[in-house]
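Overview (structure and organization)
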Amino acid sequence: HNPTMVPQLLVVVALLLCSGCNARQEYAARIPNGNNVPNPFCPSGETWAGVGHTRWGGTGARNDFGKDFAEAGLKWTTDLCHKDSDGDGLTNGEELGDPLCTWTEGSIPAETKKISHPGIHNDWDSSRASEAGFTWTCAIQGDCPGAEAPDARRAVFRFPPTQVPPQETNYWCKGFNFPDLDRDYHAIKFEANLNNSAVLHHMILYECERPLFMDKPDVCNDMTGCNQFVWGWAPGVSDRCLEDHVGIRFGRTSRAAKHLVLQIHWNNPQLVADHVDSSGVTLVYTPRLRKHDEGVIMVGPMDLTIPPNSTAHSEQGHCDGSCTKNLPYPLQLTGSVLHMHLAGRRIWTEQYRDGKLLRELGRNDNYDFNSQEWIPYSSPLTIMPGDQLKTTCVYNTVGRDKTTEWGEGTSDEMCLQFISYYPKTDFPSCVSGGQQTYCPARFPIKPTPNLVEGARSLTPVFPGRDTVCGDGSEYKFYARKGSVNKALVYFQDSGMCLDYSSCKETPLNVPDQAPSQGILDLNAPHNPFRDWTVVFVPSCTGDLHFGRQHRASEYGDISVIHNGFRNAKAALLWLFDEEAAPTSVHVTGCGDGGGSSAIWAAHVFDHYAKADQYQVTEGCAGIGMGGSLARGAMMWNAMAALPQWLVAGLTQAAMNGETSATTMFMMLAARYPNAKWAQVNYRNDKVQAARLGEDAATFPSRLAADLTKVAGQTPNFRYVVMNGVGHCVMSSSKLWNSGASGQNLAVWLRGFSSGAGTRSLDDDGTVFANLSPAAQEENLSDGSANSFKDSRWPRILGSAVAACVVVVVFVVAVWQGRKLWLRRSPAVRLEEEDEL
């Protein structure tokens, strides 16, 4: 069993919301004034949504009225009406506006204004009610600080009028983009926009890593990358106003949320066909950044093995000091929710300091899966660097005949606590598997070095946060701030860790020195990227820059953390902050890094939509397939590397029986019709042939056939085929004396990346004569009809970027996984963001 990191998406209802909200609505209609019973401890007029429960939101244990209501068969009866459940001298009917006990369901009560709570003694103050186990939250009184200021802004995220499907349970989503990206802002208030309360079960707003291409409301089939909880609503929940020293960050920088998805759960048990809803949320935000950002941390075990027919089996998870010691500062905890599934009975988290128990951060000895809610702390609690946390869960599996393991379905189990805190840091989780603690924030964020503009060497940048190399060592990338407004991103040949033998040969840490040859030689006078901003993305995880795991995979005595996706993302986020709007962007790489760069180019092109866009794949032709790599693609949890629009398109293509790599290329080109794509290969690339499983003797003819086919279908594609034996030349000193058809490769790259006309080059058996780049720089094009200047850029033809075979297999593996995944129920699919 190899569970992956659980996203906050999986708690769905657990974060702030309760999974019993629908029951509250139904039961409230069965008693007089059931939706209008006041909360006696809140002066602002909030109602007590769950009249029969000790928690105001309708969860927790039943109070005395709730017990009497249950005994009456969960309906209003004369006997229940005449009872005085809370013992305050008033009958339940007198407190609920039915003094003569004549009310029937659906009618108007005799009294609708003078209502009191039938389960809370009228003489109790808040202290006495708290002692009796009642809990509630009151809305902040007065104006929300800063919400009415002249510079406060509002963003409305709500569905257009949408027909609710005539089925009981519906999860629908719509994507949004934050409207202002000129700077960072703090969200300070969330106001629910309620339209159809008859079907509205709950709403959740999530932050996404990239745009979710759902411009119209639709079924929430896939929310990959949308795993950070932002806001939630359920019946009884008031508008949220953040305290005046914290805010949730939105805006331009990498720390700020930019893309959102609103998830609405409609409950339509009567299968009514004409329900329409347009609910949503209004976000109030301010340019006046507050002292702290708010964040959420997850703790608990990620490996569970619960035997069948057990009455009280316990499991423990730990977050030890090896993780928390990297906290840059103490965290102030403000509230939490405890989360298990159907077999859960008890759960608590303890905080230790210097080996001694300090306090409990949460406890529920009567856990009910249908009664989960967010509990605020009365005052902030503090986690210090070096503190240890231990989460314990107790399960009852009587009646189950199989072992229950960790999983995302309700019949699987979890043991988690989600804790809100400030100041926010890049520390989203501290979880354990077996005896080992896994925390994405393994290394503190180091200050970004002061990169000298136009420097002639690359400088290491340590992004910290959730980056880590395959062997657990610190990750870094290399960068240089250019003197021109253009950017180059280079992905290193990554190597593939699939089994013991391949992992043994795969680099699992970053070298201490940055490469400095070929196009990475920033002193070379003929380097076409000499003055550009350059980001070199090293590979140290053996997963084609796509891995998205938090725990190590074991290959014999070798442990590897496949974390390439987060590492590469950190490098790109640095670039996005440093270069706001380059005029040109060029994404490239060699070998496996070259194939990976084709997909990463989609992310880069999305961000720099107005830039001239170029992508070159070197030493990685899509002409073969290694079946064993499908296992690796799944093992690395690489699903999130693909843009969601591409996932959706590939899924549909797989359903139609289309599983060729060309399908993916066509989608890339259709998405980016003005981007220029190219491939550079040696005719006798023995490294590439070996990786493809190709006979070295047949590789040249297979390569030629593939390039001819792709070039014939895609006018915005060029290629260079060089004679001889070699693999990666663009990042080698051989670049200056390499080329094809009499043209130097460096000069050809200059023309390609500047938008000048270029043609494909193929030596076709002719021995290349070494020529100096200086002798050719003025002749960037032969003016032929296939130069870029003379080509039309089609919007529907596919790009022929010949992505590396490992990328092809990765896509096919995802297709196969998606086919199986789509057969599962929508409710389960919503909880499986990282499963594939």
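Above this text is the structure in question.
**A look at the overall build of the chain**
Along its length, the chain carries 17 helices and 38 strands. For the chain, buried positions account for 59% of its 836 residues. A total accessible area of about 32300 Å² is found for the chain, and carbon and sulfur atoms account for 49% of it.

**What to know about the environment of Pro-673**
Considering the arrangement of structural elements, one finds Pro-673 in the loop between helix 12 (661-671) and strand 34 (676-684). Take Pro-673: its relative accessible area is 10%, and that puts it in the buried class. With 43 residues separating them in the primary sequence, Pro-673 and Asn-716 have C-alpha atoms 8.2 Å apart.

**Quick notes on the packing of helix 8 (residues 564-578) against helix 9 (residues 592-607)**
Between helix 8 and helix 9, the least distance of the axes is 12 Å, while the angle of their chain directions is 25°. Regarding the angle of helix 8 to helix 9, the classification is roughly parallel. With respect to the hand of their crossing, helix 8 and helix 9 are arranged in right-handed fashion. Contacts between helix 8 and helix 9 pair Phe-565, Ala-568, Lys-569, Leu-572 and Phe-576 from the former with Trp-600, His-603, Val-604 and His-607 from the latter. A class-by-class count of the residues in the contact of helix 8 with helix 9 yields six nonpolar, two polar and one charged.

**Considerations on the state of the cysteines**
Applying the stated criterion across every chain yields a total of eight disulfides. Here Cys-173 engages in a disulfide with Cys-220; their sulfurs sit 1.9 Å apart. For the disulfide bridge between Cys-173 and Cys-220, the dihedral angle about the S-S bond is near 105°, and by the sign convention the bridge is right-handed. With Cys-173 in strand 3 (residues 169-177) and Cys-220 in the loop between strand 6 (218-219) and strand 7 (228-233), this pair connects stretches of sequence that are 47 residues apart. Judged by its relative accessible area of 0%, Cys-173 falls in the buried class. Classification of Cys-220 as buried rests on a relative accessible area of 4%.

**Focus on the pattern of salt bridges**
For the structure shown, the criterion picks out 18 salt bridges. Note that Arg-154 and Glu-148 form a salt bridge whose closest N and O atoms lie 3.8 Å from each other. In this structure Arg-154 comes out as partly exposed when scored by relative accessible area, which is 43%. The residue Arg-346 makes a salt bridge to Asp-365 at a minimum N-O spacing of 3.2 Å. In this pair, Arg-346 is assigned in strand 18 (residues 344-353) and Asp-365 in the loop between strand 19 (356-364) and strand 20 (375-383), connecting sequence segments 19 residues apart. Residues participating in the shared-partner salt-bridge network are Glu-148, Arg-154, Lys-189 and Glu-191.

**Some remarks on helix 2 (residues 64-71)**
Regarding helix 2, the residues found buried are Phe-65, Gly-66, Asp-68 and Phe-69. One side of helix 2 holds all its buried residues, which, seen down the axis, span an arc of 160°. A side-chain oxygen of the first residue of helix 2 lies 3.1 Å from the backbone nitrogen of Phe-65; this N-cap is Asn-63. Looking one or two residues past helix 2, Gly-73 carries a phi angle of roughly 85°, positive in sign.

**Looking at the nonpolar core**
If you look at the biggest cluster of nonpolar residues, it comprises 94 residues, and the most contacted ones within it are Phe-605 and Leu-745. The element best represented in this core is helix 8, accounting for seven residues. Sequence-distant contacts of Leu-745, defined by excluding residues within four places in its chain, comprise Val-680, Val-720, Met-722, Val-729, Met-730, Leu-735, Ser-738 and Gly-739. Among the nonpolar cores identified, the runner-up in size contains 30 residues, and Trp-233, Ile-248, Leu-260 and Tyr-285 belong to it.

**Quick word on helix 9**
When the terminal C-alpha atoms of helix 9 are compared, their 23 Å separation across 16 residues agrees well with the 22 Å that a helix rising 1.5 Å per residue should span. Maximal helix bending in helix 9 amounts to about 35°, located at Ala-598. For helix 9, a buried count of 14 out of 16 residues is recorded, marking the element as mostly surrounded by other parts of the structure.

**So, the pairing of strand 33 (residues 612-618)**
Among the seven residues of strand 33, six are classified as buried, and the element is accordingly described as predominantly covered. Across five bridges, strand 33 lies against strand 34 in parallel orientation. From the neighbouring strand, Thr-617 faces strand 34, where its bridge partner is Gln-679.

Quick notes on the rules
- Residues numbered from 1 in each chain as written.
- Predicted model: local features only at pLDDT ≥ 70, side-chain atom pairs only at ≥ 80, totals over all residues.
- Heavy atoms only, no water.
- Helix = DSSP H or I, 4+ residues; strand = E, 2+ residues; numbered from the N terminus.
- Buried < 20%, exposed > 50% of the residue type's maximum accessible area, 1.4 Å probe, protein only.
- Areas by Shrake-Rupley, 256 points an atom, 1.4 Å probe, with all protein chains shown as cover.
- Axes fitted to C-alpha atoms, helices over the stretch in contact; angles between N-to-C directions.
- Parallel < 35°, antiparallel > 145°, perpendicular 65-115°, else oblique.
- Left-handed = near helix turned anticlockwise from the far one by under 90°.
- Contact = heavy atoms within 4.5 Å.
- Nonpolar A, V, L, I, M, F, W, Y, C, P; charged D, E, K, R; others polar.
- Disulfide = S-S within 2.5 Å.
- Salt bridge = Lys/Arg side-chain N within 4 Å of Asp/Glu carboxyl O.
- Arc of directions from axis to C-beta.
- Polar contact = N/O pair within 3.5 Å; in protein donor to acceptor, adjacent residues only side chain to side chain.
- Core = buried A, V, L, I, M, F, W, Y, C linked by side-chain atoms within 4.5 Å.
- Expected span 1.5 Å × (residues − 1).
- Bend = angle between axes of the 7 residues up to and from the residue.
- Pairing = 2+ DSSP bridges.

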